[in-house]
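Reading the structure
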Amino acid sequence: MSQAVSKIKALTDHTYGTWNRQSAWTTPLLITDAEGVYFYDDKGKRYIDFSSQLMCSNLGHKNKNIIEAITKQAEKLPYVAPAFATEAAIDAVEALRSVVPEKLSKYFFSTSGTEANEAALKMVRQSKAPAYKVISRYHSYHGATSAGAAFTGDPRRWYAEQARCVVDGVCFAPDNYCYRCPFDMTYPDCKVQCARYLDYMIKEEGNVAAMIVEPVVGTNGRIVPPPEYYPILRRICDENDVLLIADEVMSGWFRTGKAFAIEHWNVTPDILTTAKGATAAYTPAGITVSSEAVSNYFEQELFCHGHTYAYHALAASAIPAAVAEYKKLFASGLPQRTSQYLEQKLFELGDKHICVGDVRGIGHFWALEIVKNRKTKEPFDTKADKLSGKALMTAQIAGNAMKQGVYMAAWYDTLVIAPPLIITEEQIDEALDILDKSLQIGDKEAVETDVAASHSSEYK
Ligand SMILES: Cc1ncc(COP(=O)(O)O)c(C=O)c1O
């Protein structure tokens, strides 16, 4: 056994691999370096990061200005208890206020997206009591803890439920998933039934305090709704005195072209949660920000929440630097150009490969939905297959791309195309040339039909 392999084994033998049977947590790649849109393993092999790791390294790797900000803070004051004020927290809030919708004015800092949603749940349940129910959607992921898992629609919740690791009072609304409409209708004839049904659901359900949405669904499909969807949802929430929580953990931070995805529809939520891109993954930070209507409740009531690492100075120090980098990047015009380029190239790829059923997304946030048959939309794999340990078609395609130097996350039905926003046209070509070859694996098992790949996000 080589030295490197035995070092990795010492890690895998003594740690829990995430979201995995532990027997499969055996040979992770040892990553030793990263720069820009590339990362490198211990053998010096280069990989283009086509999913920004977990859709969080939005500014690429080794950004000098962010590293400098963190280093300075580490030297000056890495940590004090959250009851003290720090310059790091003051600067982070100031930077956030320059990009977050103005109506959202009161912040809480934690260290992950999951915790950001946990804090939102407490804000909702305390301020809206006795109403306590939260409506979520099936195509969603909102975190790993009991509250996060309960909000989550995807099959990770099934596991958490079996282990009784969920909170109660969450119900699920129909998805705005036009490629596989839950009402089997077509836009615009559907009159956006998925949104309108919410009014009926809230009234019949009773005790509904909030609805949580990923404005553009992340892991579970990069689903972009029709233009009316969020304005209708906002109206229904207002009419029924229900709070709207936008979980922008993945869709935030310019991933979709705007600071926060919900801004595409001129809608402001009552609570916004975010993490990942807030620091571009240089430090772990979670952020929950609420409207004044929510925060007013806690003026005289106890906000019964906190963590040792709330407002952690080192975590917060990356935020102003990341915000400055996003502003600089968008002023250069590069992401605006490359997102259009990426869209056009992905549509071409969809036209070419019979295993691509739908090409959808926005900005630098795209899905190729992989199917056996474009006409019937028969999938290769299902939600249940994802947790069964079956070798999924999407994983085979992504695995092949990885061998050829392109890292891409995959879900049970889609490939995740979400490169860092600093990617250039040439680098997109480099990655897509490899993806083009890898998609042949799906083509070999797909059925030839006369139906073209659909572009279900074109309603945007
Ligand atoms: C939409 C969304 N919410 C919440 C989370 C949980 O964030 P974290 O993994 O930082 O706890 C994620 C993670 O991928 C996410 O995509």
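In this report, the structure presented in the accompanying data block is examined. In this text the structure is predicted, and so the values were computed from the model without any measurement.

Looking now at the packing of helix H14 (residues 393-403) against helix H15 (residues 425-438). Packing of H14 against H15 brings their axes to within 9 Å, and their N-to-C directions diverge by 130°. Between H14 and H15, the interaxial angle falls into the category oblique. As H14 runs across H15, the sense of the crossing is right-handed. For the pair H14 and H15, the contacting residues are Ile397, Asn400 and Ala401 in the first and Ile434, Leu435 and Ser438 in the second. When grouped by side-chain class, the residues that make up the contact of H14 with H15 number four nonpolar, two polar and no charged.

Over the atoms, a rolled probe matching the size of one water molecule traces out where space is still vacant. Taken as a whole, the second largest pocket holds about 220 Å³ of empty space. The wall of the second largest pocket is formed by Asn65, Glu68, Ala69, Lys72, Gln73, Lys76, Glu87, Ala88, Asp91, Ser317, Pro320 and Ala321. Of all the elements in the fold, those that place two or more residues in the lining of the second largest pocket are helix H3 (64-76), helix H4 (87-97) and helix H11 (313-332). Top element by residues in the lining of the second largest pocket is H3. It accounts for six residues.

This part covers the sheet that holds strand S10 (residues 286-291). One key point about sheets: their strands pair by backbone hydrogen bonds, in either a parallel or an antiparallel sense. Spatial ordering of the open sheet is given by S4-S10-S9-S8-S7-S5-S6, a layout of seven strands whose pairing is mixed. Each end of this open sheet is capped by a strand with a single partner; those strands are strand S4 (104-110) and strand S6 (170-173). The average undirected angle you get between the axes of adjacent strands in this sheet is 25°. Pairing of strand S7 (residues 208-213) with strand S8 (residues 243-247) involves four bridges; the strand directions are parallel. From the neighbouring strand, valine 213 faces S8, where its bridge partner is alanine 246.

Ile135, Leu198, Met211, Tyr230 and Leu233 are the most contacted members of the largest nonpolar core, which totals 36 residues. Sort the elements by how many residues they give to this core and helix H9 (residues 229-239) lands first, with six residues. Both domain 1 (3-62 + 333-459) and domain 2 (64-329) contribute no fewer than three residues apiece to this core. Here isoleucine 135 is in contact with Cys171, Ala173, Leu198, Met201, Ile202, Val208, Ala210, Met211 and Ile212, once residues within four sequence places are set aside. Counting residues in each nonpolar core, the second largest holds 35 residues, with Ile66, Ala92, Ala280 and Leu421 among its members.

Reading the values: the criteria
- Residues numbered from 1 in each chain as written.
- Predicted model: local features only at pLDDT ≥ 70, side-chain atom pairs only at ≥ 80, totals over all residues.
- Heavy atoms only, no water.
- Axes fitted to C-alpha atoms, helices over the stretch in contact; angles between N-to-C directions.
- Helix = DSSP H or I, 4+ residues; strand = E, 2+ residues; numbered from the N terminus.
- Parallel < 35°, antiparallel > 145°, perpendicular 65-115°, else oblique.
- Left-handed = near helix turned anticlockwise from the far one by under 90°.
- Contact = heavy atoms within 4.5 Å.
- Nonpolar A, V, L, I, M, F, W, Y, C, P; charged D, E, K, R; others polar.
- 1 Å grid on protein atoms, 1.4 Å probe; cavity = no way out; pocket = protein on both sides within 12 Å on 5 of 7 lines; lining within 4 Å.
- Points joined across faces, edges and corners; volume = space filled by probe spheres on them.
- Pairing = 2+ DSSP bridges.
- Core = buried A, V, L, I, M, F, W, Y, C linked by side-chain atoms within 4.5 Å.
- Buried < 20%, exposed > 50% of the residue type's maximum accessible area, 1.4 Å probe, protein only.
- Domains from an automatic or database assignment.

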